[in-house]
Every structure is written in structure tokens, then in C-alpha cells.
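Working through the structure, step by step
Okay, here's what each chain looks like letter by letter:
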Amino acid sequence: MKRSWEGVVLKVMGAKDFTLHVTGRQEITPDFLRIHVRDGGLLSSVGLHPTLWIRLWFDDAGKGHQRAYTVVNADPVAGTFSMDFAIHDGLAADWARSVQPGTTIEATVQGSAFAFPDTAPRRIWVVGDPASLPAINSLLDERNAVLGTAAPVTAWLEYQHDADPSIEVRASTSDVVTWVPRKRDGDALVEEVVLALTADTVSAVDDFFWIACEASSTRAIVKHLRKVLGVDKHRIDALGYWRA
Ligand SMILES: Cc1cc2nc3c(=O)[nH]c(=O)nc-3n(C[C@H](O)[C@H](O)[C@H](O)COP(=O)(O)OP(=O)(O)OC[C@H]3O[C@@H](n4cnc5c(N)ncnc54)[C@H](O)[C@@H]3O)c2cc1C
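Residues numbered from 1 in each chain as written. Predicted model: local features only at pLDDT ≥ 70, side-chain atom pairs only at ≥ 80, totals over all residues. Heavy atoms only, no water.

**So, the site of the ligand**
If you check the shell around the ligand, you find 23 residues, and the closest are Arg67, Ala68, Asp84, Ala86 and Arg243. In the model, an oxygen atom of the ligand is placed 2.8 Å from a nitrogen or oxygen of the histidine 88 side chain. Separating a nitrogen atom of the ligand from a backbone N or O atom of alanine 131 is a distance of 3.4 Å. For the ligand, the protein covers 81% of the area, taking 910 Å² as the surface of the free molecule. (Near = heavy atom within 4 Å. Polar contact = N/O pair within 3.5 Å; in protein donor to acceptor, adjacent residues only side chain to side chain. Areas by Shrake-Rupley, 256 points an atom, 1.4 Å probe, with all protein chains shown as cover.)

**Here we look at the packing of aromatic side chains**
Applying the stated criterion to the full structure yields nine aromatic pairs. Judged by centre distance (6.2 Å) and plane angle (70°), the rings of phenylalanine 114 and phenylalanine 208 are edge-to-face. You can see phenylalanine 114 sitting in the loop between strand S8 (104-109) and strand S9 (124-128) and its partner phenylalanine 208 sitting in strand S12 (residues 208-211), a full 94 residues away along the chain. Using a relative accessible area of 13% as the deciding quantity, one classes phenylalanine 114 as buried. (Phe/Tyr/Trp six-rings, centres within 6.5 Å; stacked < 30°, edge-to-face > 60°. Helix = DSSP H or I, 4+ residues; strand = E, 2+ residues; numbered from the N terminus. Buried < 20%, exposed > 50% of the residue type's maximum accessible area, 1.4 Å probe, protein only.)

**Description of the domain arrangement of the chain**
When cut into domains, the chain gives domain 1 (2-109) and domain 2 (124-238). Taking only C-alpha atoms, the centre of domain 1 and the centre of domain 2 are 25 Å apart. Each side of the interface is counted separately: domain 1 has eleven residues, and domain 2 has twelve residues. Interface of domain 1 and domain 2: buried area, both sides summed, is about 940 Å²; carbon and sulfur atoms make up 71% of it. The largest per-residue losses of area from domain 1 upon contact with domain 2 belong to Phe32, Pro50 and Thr51, which jointly make up 43% of the total buried on that side. Summed over the shared surface of domain 1 and domain 2, the number is zero salt bridges. Seen at the junction of domain 1 and domain 2, the total is three residue pairs in polar contact (both at pLDDT 80 or more). Classifying every residue of the side of domain 1 that touches domain 2 by side-chain character gives six nonpolar, three polar and two charged. (Domains from an automatic or database assignment. Contact = heavy atoms within 4.5 Å. Buried area = accessible area lost by both parts, 1.4 Å probe. Salt bridge = Lys/Arg side-chain N within 4 Å of Asp/Glu carboxyl O. Nonpolar A, V, L, I, M, F, W, Y, C, P; charged D, E, K, R; others polar.)

**Let's talk about the pattern of salt bridges**
The final tally for this structure, using the stated rule, is nine salt bridges. The salt bridge involving arginine 34 is made with aspartate 84; its shortest N-O contact spans 2.5 Å. Of the two residues, arginine 34 sits in strand S3 (residues 32-38) while aspartate 84 sits in strand S7 (residues 80-86), which places them 50 residues apart along the sequence. Exposure remark for arginine 34: the relative accessible area of 18% places this residue in the buried category. Using a relative accessible area of 7% as the deciding quantity, one classes aspartate 84 as buried. Members of the salt-bridge network, linked through shared partners, are Asp89, Asp94 and Arg97.

**Regarding helix H5 (residues 187-196)**
Given 3.6 residues to a turn, an α-helix orients residues that are three or four positions apart in the same direction. When H5 is considered as a whole, its buried residues turn out to be Ala188, Leu189, Val190 and Val193. Elements in contact with the buried residues of H5: S9, strand S10 (153-159), strand S11 (176-181) and helix H6 (215-228).

**Considerations on the pairing of S8**
For strand S2 (residues 16-29) and S8, the ladder comprises six bridges, and the chain directions are antiparallel. By the bridge assignment for S8, histidine 21 is matched with threonine 104. Bridging between strand S4 (residues 53-60) and S8 involves three bridges; their strand directions are antiparallel. For tryptophan 57, the partnering residue across the bridge sits in S8 and is glutamate 106. (Pairing = 2+ DSSP bridges.)

**Structural notes on unusual backbone geometry**
One non-glycine residue, alanine 61, adopts positive backbone phi at about 55°. Here alanine 61 is to be found in the loop between S4 and strand S5 (63-70). Alanine 61 gets classed as exposed once you look at its relative accessible area, which sits at 81%.

The structure is reproduced here in C-alpha cells:
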């Protein structure tokens, strides 16, 4: 499989490559599949942080295309982890639908990072969807471990399938989680979030914002935070997780 030019750039940047061995597949919902892998030394080599994501290489007619997936349930001692696939029509999603134990897949690690602000945030605002839910759960775990309930989370999660809201969100009782159906190409989510994030509800200097949904929705929410509410860019961690 010949990798695209991105493979060459990643190599120059010092990316690390690994071969993952698929050991099983589990249906969380019909549209959310968990794939278990042996890590090929990945976890001991790169270490763990919340929201850790890797680049998987999928073959399309002999050409390698990378797609980002989040590491879940990592066990560095056993050298195993899983990945949750939100299912749609796509190269990566199709692979997850049909992959069998014994299959291998190449993975590259480069560019993943996460840190809460130095001082504990007053509140953490999160916007995501099933694709970023694995990362959100790792962020909630880290919040629970490091900050306790001192920094409550308010989260909006956009969904497209009826069963999506049944997927586990590891929130605590002081958190508020709202599932929002995807409507009008994501505008419904953006409007609900922007209406809720106002100068009265948000502290531009003390709050932390983690935004990872569809790319144009992510951009619109970040623009609101920066331009309307004047939030410093260091208090915003945002990345479009997929593109409509
Ligand atoms: C840092 C990072 C971590 C990520 N972690 C995860 C993860 O753990 N689990 C996960 O499921 N995804 C994750 N994603 C998102 C995933 O990389 C994208 O959804 C990717 O586009 C899927 O590739 P594909 O080949 O299946 O579809 P593509 O070939 O990219 O797209 C095919 C079609 O599917 C649509 N599409 C793509 N993704 C989605 C989606 N999520 N929902 C609805 N429609 C979609 C596109 O608009 C397009 O029409 C992550 C993304 C980033 C940036």
C-alpha cells in the first residue's frame, strides 16, 4: 500500500509507525462499533494522554489514506487498546463494519496532545458527537481524576442515529449532557450552543472549551467564542473531527 504525500510529511516530522493486530469486534450500537487490537508496542512507545488519537492507514485500490481514531480502554501492560467507530459510508467505517480478527492495520502517531489549563477551569464546555465521544470520555475521566467535581462539564452531543444517545457518557451528577439531533447540516447544534454560551453564562477567562464536531460547526462555534465572547485561544481546544 503506497501512502499519500501525508505519509512522507509525517515521516519527516518524526512520526512513529506501528502495526496493530485486530483481536475482536463488538457492537455497542448498530452504528457504533468497538474494534479491539494488540498495539504492536504503540502504548509503551508513545505513552498515554487524554484524547490520544492515532492515524490509521486504510487501503483504497493500493493507495493508503489516513483517518484519525481515538485510543480507548488502553492497557499499556497488556499492550492492548480499542477504538470506537461511528458508522457512516466511508473507507474507515466500512473497514470497521467488516474487519475480522487476525487482520493487521498500520498506524502512525504524530500530533496528538492534550492539557487542561494550568489553573483549574471554573466550568468545562464541550461540544461533540459520537466520533469525538471516545475523546470526551477520556477527558471526563481525566477531569474526575485531576480536578474532581470542581470543574463541572456542560456538553452538547450531536447525533444522527436513534441509538446514539444510548452510548455511555462518563459524566458525573454535576455535569449537564444534552443530545441534539443533527438538523439543517449542523446549524441546529450551532444555534443551540451559541444561544447557551453568552456573556452571562460563560467566564471568558476562567472556563475551558473543548470543541470537536463536524468541521464547519466547529469553526462556527469557535468563531462565536473568540469574536463574540472574547475567549482567549489558549482556553479553547478545537478540532473538526470530520467534514460533511
Ligand atoms: C483527532 C481525531 C480523532 C478522531 N477519533 C475518532 C474516533 O475515535 N471514532 C470515530 O468514529 N471517528 C473519529 N474521528 C473522525 C474520523 O476520523 C472521521 O469521521 C473520518 O472522516 C472517517 O473516515 P471514513 O473513511 O469512514 O469517511 P470519509 O471517507 O472521511 O467520509 C465519507 C463520508 O462520510 C461522512 N462522514 C465522515 N465521518 C463522519 C461522521 N463521524 N459522521 C457522519 N458522517 C461522516 C463524510 O462527510 C463523507 O460524506 C476522529 C477525528 C479526529 C480529527
